[in-house]
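Commentary on secondary and tertiary structure
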Amino acid sequence: LLWVVTAFTVAHSVTLALAALEVVDVGRYSGFVEALIALSIAYVAAETLVLPREGRARWPEAFAFGLVHGLGFAGFL
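This one's a predicted model, so the numbers in the text were calculated from it and none came from an experiment.

Here we look at the environment of Arg28
Looking at the secondary structure, you find Arg28 in the loop between α1 (2-20) and α2 (30-50). Accessibility expressed as a relative area gives 64% for Arg28, which makes it exposed.

Given below as structure tokens:
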């Protein structure tokens, strides 16, 4: 769990920093980012219901979702 939370937080921070430094233009893609956020939440929910205790590493997923969620948060700010 520690690696999953850390991966999500690092990715979230990276996209927030990129948006703050205006490396990424969040405003142009806000609708797409919001749809990706909804899809990522639905994916994790479905995966948890279908494969509740699979023994694989989940931190890469958490990192990817953190990037998307960070973009959504940056667009909100």
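Remarks on helix α3 (residues 59-76)
Across its 18 residues, α3 extends 25 Å between first and last C-alpha, which sits within 8% of the 26 Å expected from 1.5 Å per residue. When we look at burial in α3, the residues that qualify are Glu61, Ala62, Phe65, Gly66, Val68, His69, Gly70, Gly72 and Ala74. On its buried face, α3 is in contact with α1 and α2.

A look at the packing of α1 against α3
As a packed pair, α1 and α3 sit with axes 7 Å apart at the nearest point and diverge in direction by 35°. The way α1 lies across α3 gives a crossing that is right-handed. Residues Trp3, Val4, Ala7, Phe8, Val10, Ala11, His12, Thr15, Leu16 and Ala19 of α1 pack against Trp59, Ala62, Phe63, Phe65, Gly66, Leu67, His69, Gly70, Leu71, Phe73 and Ala74 of α3. Considering only residue class, the contact of α1 with α3 consists of 16 nonpolar, five polar and no charged.

Notes on the side chain of His69
With respect to the helices, strands and loops of the structure, His69 is situated in helix α3. Given a relative accessible area of 19%, His69 falls into the buried group. Polar contacts involving the side chain of His69 include one to the side chain of Ser40, which spans 2.9 Å. Other than its neighbours up to four places away in sequence, His69 contacts Phe8, His12, Ile37, Ser40 and Ile41.

Parameters at a glance
- Residues numbered from 1 in each chain as written.
- Predicted model: local features only at pLDDT ≥ 70, side-chain atom pairs only at ≥ 80, totals over all residues.
- Heavy atoms only, no water.
- Helix = DSSP H or I, 4+ residues; strand = E, 2+ residues; numbered from the N terminus.
- Buried < 20%, exposed > 50% of the residue type's maximum accessible area, 1.4 Å probe, protein only.
- Expected span 1.5 Å × (residues − 1).
- Contact = heavy atoms within 4.5 Å.
- Axes fitted to C-alpha atoms, helices over the stretch in contact; angles between N-to-C directions.
- Left-handed = near helix turned anticlockwise from the far one by under 90°.
- Nonpolar A, V, L, I, M, F, W, Y, C, P; charged D, E, K, R; others polar.
- Polar contact = N/O pair within 3.5 Å; in protein donor to acceptor, adjacent residues only side chain to side chain.

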